[in-house]
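As a plain string of letters, each chain reads:
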Amino acid sequence: MENDNSTVVKEFILLGLTQSQDIQLLVFVLVLIFYLIILPGNFLIILTIRSDSGLTAPLYFFLGNLAFLDASYSFIVAPRMLVDFVSEKKIISYRGCITQLFFLHFLGGGEGLLLVVMAFDRYVAICQPLHYSTVMNPRVCYALLLALWLGGFIHSIIQVALILRLPFCGPNQLDNFFCDVPQVIKLACTDTFVVELLMVFNSGLMTLLCFLALLSSYAVIFCHVRGSASEGKNKALSTCTTHVIIILLMFGPAIFIYTRPFRALPADKVVSFFHTVIFPLMNPVIYTLRNQEVKTSMRRLLSRHVVC
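Worth saying up front: this structure is predicted, and the values here are computed from it rather than measured. (Residues numbered from 1 in each chain as written. Predicted model: local features only at pLDDT ≥ 70, side-chain atom pairs only at ≥ 80, totals over all residues. Heavy atoms only, no water.)

Trainee: Can you walk me through the packing of aromatic side chains in this structure?
Mentor: All told, the structure shown has 18 aromatic pairs when counted by the stated rule. Ring centres 4.9 Å apart and planes at 55 degrees place the aromatic pair Phe177 and Phe178 in the tilted group. As far as burial versus exposure is concerned, Phe177 and Phe178 are alike and both buried. With centroids separated by 6.1 Å and ring planes inclined at 40 degrees, the aromatic side chains of Phe211 and Phe251 adopt a geometry described as tilted. One end of the pair, Phe211, is in helix H7 (residues 193–226); the other, Phe251, is in helix H8 (residues 233–258), and 40 residues separate them in sequence. An aromatic cluster of three or more residues is present, and its members are Phe68, Phe102, Phe103, Phe106, Trp149 and Phe153. (Phe/Tyr/Trp six-rings, centres within 6.5 Å; stacked < 30°, edge-to-face > 60°. Buried < 20%, exposed > 50% of the residue type's maximum accessible area, 1.4 Å probe, protein only. Helix = DSSP H or I, 4+ residues; strand = E, 2+ residues; numbered from the N terminus.)

Okay, structure coming up:
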């Protein structure tokens, strides 16, 4: 990956989340407990949806993919973060840094697009129910899934391509607990103003536009549901409310990090911590807790295996 002869930095030193040993120990225990409890929950969601023939609607198909994306996303930062908490030297190679950055944006971009697809699914189901089975047929669902994976890949490869062109010849301390675009760019031995603008346009503007589009779509859905007298009104409101919560958890920190010039702020590490470690594992769980069909199916699955 080191395609620039002026790149002599072979590794980066991660300064970590905090320098306080007591706080590091506390965060280590909390993250480990959280990781061991919530991560299996995401895999349980996937197993439940795949094993229950009654959960074949597009809504559950996309929920299963959301759980898969978030579970995969959680493996990018959290495991290494836990190891670094108990290591004296927090070092990541140049190749490892670029690889981490690629998958971070690949899966993160794919998840953002998946939320857009889920909003479209809810819009058709609630506002155009007579056309739902035609519009959201299995072929369309798989095509949308392929499109969001491709979109995440394109988004990420642009980030990586821009960084690989930068020379790194001196400082190698990253003021964070993982590799991300803002911190890596600051270490380049060249003027990065244009690259920063391109990064903000690629990540920041895309994130902001997706966020505004999602809020607008759910505003339309809320207005449509409030004006109706259907029996499924409360269920539709509950589902859409859950989606909005996930959107706020997903896009709020991303907007804070990527829609401004790459200058360090005191809250950056805390926001990044929740954005990369905590929220990805919580998103599918929050959704499942508000979905009665998935909870019922999950209880049946667990009781069947407990009895066996």
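Trainee: I tried to follow the state of the cysteines on my own but got confused; where do I start?
Mentor: Between two cysteines, a covalent bond joining their sulfur atoms is known as a disulfide. What the rule picks out here adds up to 2 disulfides. Each disulfide pairs two cysteine sulfurs, and for Cys97 the partner residue is Cys179, the sulfurs being separated by 2.2 Å. The disulfide joining Cys97 to Cys179 has a torsion of about -120 degrees about its S-S bond and is therefore left-handed. Placement of the pair is Cys97 in helix H3 (residues 94–127) and Cys179 in the loop between strand E3 (173–174) and helix H6 (181–186), with a sequence separation of 82 residues. The two residues Cys97 and Cys179 agree in class, both being buried. Each disulfide pairs two cysteine sulfurs, and for Cys169 the partner residue is Cys189, the sulfurs being separated by 2.2 Å. One end of the pair, Cys169, is in the loop between helix H5 (138–164) and E3; the other, Cys189, is in the loop between H6 and H7, with 20 residues separating them in the sequence. The exposure class assigned to Cys169 is partly exposed, which follows from its relative accessible area of 42%. For the chain, the bonded cysteines connect in the pattern 1-3, 2-4 when numbered consecutively along the sequence. With no disulfide of its own, Cys127 has Cys240 as its nearest cysteine by sulfur position, at a separation of 8.3 Å. (Disulfide = S-S within 2.5 Å.)

Trainee: Help me out: how do you make sense of H8 in this one?
Mentor: For an α-helix the count is 3.6 residues per turn, leaving residues at separations of three or four pointing the same way. Between its first and last C-alpha, H8 extends 36 Å over 26 residues, near the 38 Å set by a 1.5 Å rise per residue. For H8, the principal kink sits at Phe251 and spans about 25 degrees; a proline, Pro253, occurs within the next four residues. (Expected span 1.5 Å × (residues − 1). Bend = angle between axes of the 7 residues up to and from the residue.)

Trainee: Explanation requested: the UniProt feature "transmembrane region" (unreviewed entry) in the chain in the structure shown.
Mentor: The positions that UniProt labels "transmembrane region" (unreviewed entry) are, in the present scheme, residues 23–47, 59–78, 98–120, 140–164, 205–225, 237–258 and 270–289. Structurally, residues 23–47 comprises 100% helix and 0% strand, and the distance from its first C-alpha atom to its last is 36 Å. Counting secondary structure, residues 270–289 comes out at 100% helix and 0% strand; the distance between its end C-alpha atoms is 26 Å. (UniProt positions renumbered as here; feature names shortened; annotations may be inferred.)

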